[in-house]
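The primary structure of each chain is shown beneath.
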Amino acid sequence: MASLSLGLNLSRKKGAAKTGAVERKNLITVCRFSVKTLIDRSCYETIDDSSPEFINFVSIVEQILSHRLKGHVTWFGYESPRSFWDYIRRACSKVPHSCISSIENMENIRLSRAKGRAWIRVALMEKRLSEYLSTALRDFKTTRRFYEEGGIVLGEEAGLLTDMLIGLNAIDFSFCLKGEGLDGSCPAVIDYTPYLKFTQSSDSISSDEEEMRTLGSSGSESSTPENIGSTLFMDQSSWFNKCKRVEQKHKMVLEQKSYLEELVRLREAQLDKSVSQNKALLQRLSEIDVNHKLEKEQLGYIVLELQDQLTMLKNHDLRSRQELTTHLTNQWPSPGALDTSAVALETLLYRKQACQWEDLDQLSADISLSQMSLDPSQSQEPEGKLERPQWRSEGKEDTPSLRGLCGSLTSVASYKSLASLKSSECLASPTTDMTSPGLTPL
């Protein structure tokens, strides 16, 4: 019984291994067919979410990345299902300028499976799906933690998968990340019907024709009209298939030719526009250069003219100063004339003040005489009064009043101020250079 159970276990393991190998091979083969179909389809129309080839391709990639994926073990030992997005998010975190954080922060996508589908679309639009998978597969430690033995990402098929996906970089994808394809509740189902159709290649058709000819030549003697008719029908059908294929290739070539011609016309128009803009810029640059030179010359002339005017103004100012100095010097009197005028003025003032004092003395004498004649009793007092001025005149020399003295000092100061305007050499000391009749010692 033990050997029987052991044999059954071995057979089951071999059967499971064989089944896993067949499953891996089928998924890789179907993925290769899907990539080729997408590339052929992109030559005729744009690939978007509504394309059945793209829907099938996304389902295949999701099945490959979910093959033998481990579940999430909880604290109680239960294993919950897990999406491949958890593996991609962890393994592709080191890819430079990755879209992982952007997809993780999308508000309209909450389920893990939906985020994985959005990542496939964004990676295709960025033309970096193969780069993301290559980086994830190089992180062998993370890959072993998320996948069981026998998974495609742990086998040799993973390298073939990344090589196949490089061809998708030639396609310009355009997707909407808010469509129904991002619904995480719908499972990924692969449609195998497009890949089960048998299409005979041109090589196989030619080999079949040669085989039919050899068979017809070998059995020509025993051939009947029915066999001849069947061979003619086969020839016609083969020629019809050839013509159909040639017509399809011709249409494809014509479409590519029209696209290239349109692209060439567009580039020629852009080139003509660029050339015209370049000519306009060069002409504008030359005009700006000429205007700059003219403005520079004008500014040079203006500077020279301003320098000439400044020199003329300086010369005119110097001449004006010299003329003013000469005029003022000629108008002022000499120091000798000023001294003579000052002495004459002081003498005149002194004489005038002396005459005034004499008149006052005569008047006072007359008044005293008149009083004496009126009052004989007081005759002695006026006589004393009369004798006082006579004593003053006998004991001390008559001098002018203080008012006359101030006048003389004022005249001397005025004379000094006028003399100082002439030159500093003409200054004279009031005690040594000038003598005034009003400056008599006490």
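Shown above is the structure to which this text applies.
Structure report, in brief. Quantities reported herein were computed from a predicted structural model and do not represent experimental measurements.

## A look at the pattern of salt bridges
- What the rule picks out here adds up to 18 salt bridges.
- The closest approach of N and O atoms between Glu 62 and Arg 113, which form a salt bridge, is 3.9 Å. Placement of the pair is Glu 62 in helix H2 (residues 52-65) and Arg 113 in helix H5 (residues 112-126), with a sequence separation of 51 residues.

## Notes on the environment of Phe 140
- Along the chain, Phe 140 falls in helix H7 (residues 140-146).
- In this structure Phe 140 comes out as partly exposed when scored by relative accessible area, which is 48%.
- On a C-alpha basis, the gap between Phe 140 and Leu 154 in space is 8.4 Å, while along the polypeptide they are 14 residues apart.

## A closer look at helix H3 (residues 84-91)
- Most of H3 is tucked away, with 6 of its 8 residues classed as buried.
- Those residues of H3 lying buried are Phe 84, Trp 85, Asp 86, Tyr 87, Ile 88 and Ala 91.

## Topic: the nonpolar core
- The biggest cluster of nonpolar side chains holds 52 residues, and the ones touching the most others in it are Phe 57, Ile 88, Trp 119, Leu 124, Tyr 147 and Leu 168.
- For this core, the elements supplying multiple residues, two or more each, are helix H1 (2-42), H2, H3, helix H4 (100-104), H5, helix H6 (129-138) and helix H8 (157-165).
- The residues contacting Leu 168, other than those within four sequence positions of it, are Val 35, Leu 38, Phe 57, Leu 124 and Phe 173.

## Concerning the packing of H5 against H6
- Following both chains from N to C, one finds H5 and H6 inclined at 120°, their axes separated by 7 Å at the closest point. Residues Trp 119, Ala 123, Leu 124 and Glu 126 of H5 form the contact with H6, whose own contacting residues are Leu 129, Tyr 132 and Leu 133.

Calculation rules
- Residues numbered from 1 in each chain as written.
- Predicted model: local features only at pLDDT ≥ 70, side-chain atom pairs only at ≥ 80, totals over all residues.
- Heavy atoms only, no water.
- Salt bridge = Lys/Arg side-chain N within 4 Å of Asp/Glu carboxyl O.
- Helix = DSSP H or I, 4+ residues; strand = E, 2+ residues; numbered from the N terminus.
- Buried < 20%, exposed > 50% of the residue type's maximum accessible area, 1.4 Å probe, protein only.
- Core = buried A, V, L, I, M, F, W, Y, C linked by side-chain atoms within 4.5 Å.
- Contact = heavy atoms within 4.5 Å.
- Axes fitted to C-alpha atoms, helices over the stretch in contact; angles between N-to-C directions.

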